[in-house]
Amino acid sequence: MRRALLGLLMAMSSAGAMEPLSDSALSAVRGRDGVSFDLNGFAMSGDARVSYTAPNGASLYVEKFSASRSDSLLPFSDPFRLDIVPGAPGLADVINIAFPLNANAEQRWQMAYDWGVGANGVVREQGSVVVKDLVLTGGGLQFTTPQVNDGIAFGAALKMDIAQLSFQPRGREDASEAMVLSGIHLGGADGGAWQIANVASQPAVINALNDETGPRLHIGIDWPDARYGSGQAPAGSIAVDNISFVSPGQPTVDLGASRIGSIQIQYLDIKFKQ
């Protein structure tokens, strides 16, 4: 399967039309082969809605997601990298996506989405989440099959700065009422990327679990596994330069800064109840 996928990626990256690869070409494919891609000038928007509905009919949705990214001065000088690499001994292969290093913070993301909830026949719009100048500097994502059960196993490493994150109950175009977090900084306690999860040493998973009440959406991060690492969860750091609340006709409530110098996720288990 890995050779077939890599062969397809190689064919797509060629200058000519797509064509089947011979057995000899496929046999030459190695785990380090992959593709690089840039997102200079990327922009997207639409009315699509993603929702989760519990067995009792209550629902949560996000919709109208939009995102755009500023250009680097030198296009394709610092691309994303996607490849399929061998997993740890005895584990499945891993789809690995490495983020740009973005050392000069030239690549900046702008994002927004709306969200709401529904229950007992009433759907209530809860407002918008607006992200301004999100900068990723290194890190990446991993995807593979879980070691147990079904679903998707993933890993994530992040070094991220956000100029402003706003929760706006009146919508993305009206910031007159909002909770605003300015200057968010997330990364490893050592100054690098914070490895929140790893598909081998501390896998995260998204799946559906069944119990006596029926299926439930499950999101979790397993305990650190000493078979594939140190057995210790990596330490991260979170800082927010300013937290404030804005209301129409009222003085801004300024809560100042907040910082956690070292934080570890030893285990996470979230099950959406009915």
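Since the model is a prediction, treat every value here as computed from it, not as a measurement.

*Asks:* Help me get a handle on the overall build of the protein, residues and values and all.
*Replies:* Helix and strand content of the protein: two helices and 16 strands. Out of the 274 residues in the protein, the part that is buried amounts to 32%. For the protein, contacts bridging at least 24 residues in sequence account for 64% of all contacts bridging at least 6. On the protein, roughly 15,900 Å² of surface is accessible, and the fraction owed to carbon and sulfur atoms is 57%.

*Asks:* Go over the pairing of strand β12 (residues 204–211) with me, naming the residues and quoting the values.
*Replies:* By the bridge criterion, three bridges tie strand β9 (residues 152–168) to β12 in an arrangement that is antiparallel. Residue pairing for β12: Phe154 is matched across the bridge by Ala204. By the bridge criterion, eight bridges tie β12 to strand β13 (residues 214–221) in an arrangement that is antiparallel. Within β13, the position partnered with Asp211 by the bridge is Gly214. Count of turn residues in the β12/β13 antiparallel hairpin: two residues.

*Asks:* Which residues make up the nonpolar core, and what are the values?
*Replies:* Formed by 23 residues in total, the largest nonpolar core has its most connected members in Leu134, Ile162 and Leu165. For this core, the secondary-structure elements that each account for two or more residues are β8 (122–144), β9, β10 (178–188), β11 (194–197) and β14 (235–246). Those residues in contact with Ile162 that lie beyond four places of it in its chain are Val131, Lys132, Asp133, Leu134, Gly183 and Ile184.

*Asks:* How would you explain the pairing of strand β3 (residues 49–53) if you had to name every residue and give the values?
*Replies:* In this structure, β3 lies alongside strand β4 (residues 59–69), joined through five bridges in antiparallel fashion. Residue pairing across strands places Thr53 opposite Ser59, the latter belonging to β4.

*Asks:* Quick rundown of unusual backbone geometry? Include the residues and the values.
*Replies:* Among all residues except glycine, the phi angle is most often negative; among peptide bonds, the trans geometry is most common. A positive phi angle, near 50 degrees, is found at Asn102, a position not held by glycine. In this fold, Asn102 is placed in the loop between β6 (94–98) and β7 (109–119). For Asn120, which is not glycine, the phi dihedral falls at a positive 55 degrees. Classification of Asn120 by relative accessible area gives exposed; the value is 80%.

*Asks:* Tell me what's going on with the side chain of Ser237, and back it up with residues and numbers.
*Replies:* With respect to the helices and strands, Ser237 occurs in strand β14. Setting aside residues no more than four positions away along its own chain, Ser237 makes contact with His185, Leu186, Gly187, Gly188, Ala189, Arg259, Ile260, Gly261 and Ile263.

*Asks:* I'd like a description of the environment of Gln147, backed by residues and values.
*Replies:* With respect to the helices and strands, the residue Gln147 is situated in the loop between β8 and β9. Once the C-alpha coordinates of Gln147 and Pro203 are considered, the two residues, 56 residues apart in sequence, prove to be 8.6 Å apart. A polar contact is formed between the side chain of Gln147 and the backbone oxygen of Val199, at a distance of 3.4 Å.

*Asks:* Quick rundown of the confidence of the model for the protein? Include the residues and the values.
*Replies:* On average, the protein scores 88 in pLDDT, and the residues at 70 or more come to 88%. Mean pLDDT per element in the protein: helix α1 (residues 2–13) is the minimum at 44, and β10 is the maximum at 98. Contacts of residues 1–16 to residues separated by more than four positions or lying in other chains number 21 contacts, the stretch itself having pLDDT below 50.

*Asks:* Which residues make up the packing of aromatic side chains, and what values go with them?
*Replies:* Describing an aromatic ring pair means giving the distance of the ring centres and the angle of the ring planes. Tallied over the full model, the rule gives five aromatic pairs. With 5.3 Å between their ring centres and 5 degrees between their planes, Phe37 and Phe80 make a pair best called stacked. Here the residue Phe37 occupies a position in strand β1 (residues 34–37), and Phe80 occupies one in strand β5 (residues 80–85), the gap between them amounting to 43 residues. Looking at Phe80, the relative accessible area reads 8%, which means it is buried. Ring geometry for Trp223 versus Tyr267: centroids 4.9 Å apart, planes at 15 degrees, classification stacked. Linking Trp223 in the loop between β13 and β14 with Tyr267 in the loop between β15 (253–264) and β16 (268–271), this pair joins segments that are 44 residues apart in sequence. By relative accessible area, Tyr267 is classed as partly exposed at 42%. Seen from the ring of Tyr61, Arg49 lies directly overhead, with NZ or CZ sitting 3.8 Å from the centre.

About the thresholds
- Residues numbered from 1 in each chain as written.
- Predicted model: local features only at pLDDT ≥ 70, side-chain atom pairs only at ≥ 80, totals over all residues.
- Heavy atoms only, no water.
- Helix = DSSP H or I, 4+ residues; strand = E, 2+ residues; numbered from the N terminus.
- Buried < 20%, exposed > 50% of the residue type's maximum accessible area, 1.4 Å probe, protein only.
- Contact = heavy atoms within 4.5 Å.
- Areas by Shrake-Rupley, 256 points an atom, 1.4 Å probe, with all protein chains shown as cover.
- Pairing = 2+ DSSP bridges.
- Core = buried A, V, L, I, M, F, W, Y, C linked by side-chain atoms within 4.5 Å.
- Polar contact = N/O pair within 3.5 Å; in protein donor to acceptor, adjacent residues only side chain to side chain.
- pLDDT = per-residue confidence, 0-100.
- Phe/Tyr/Trp six-rings, centres within 6.5 Å; stacked < 30°, edge-to-face > 60°.
- Lys NZ or Arg CZ within 6 Å of the ring centre and 35° of its normal.

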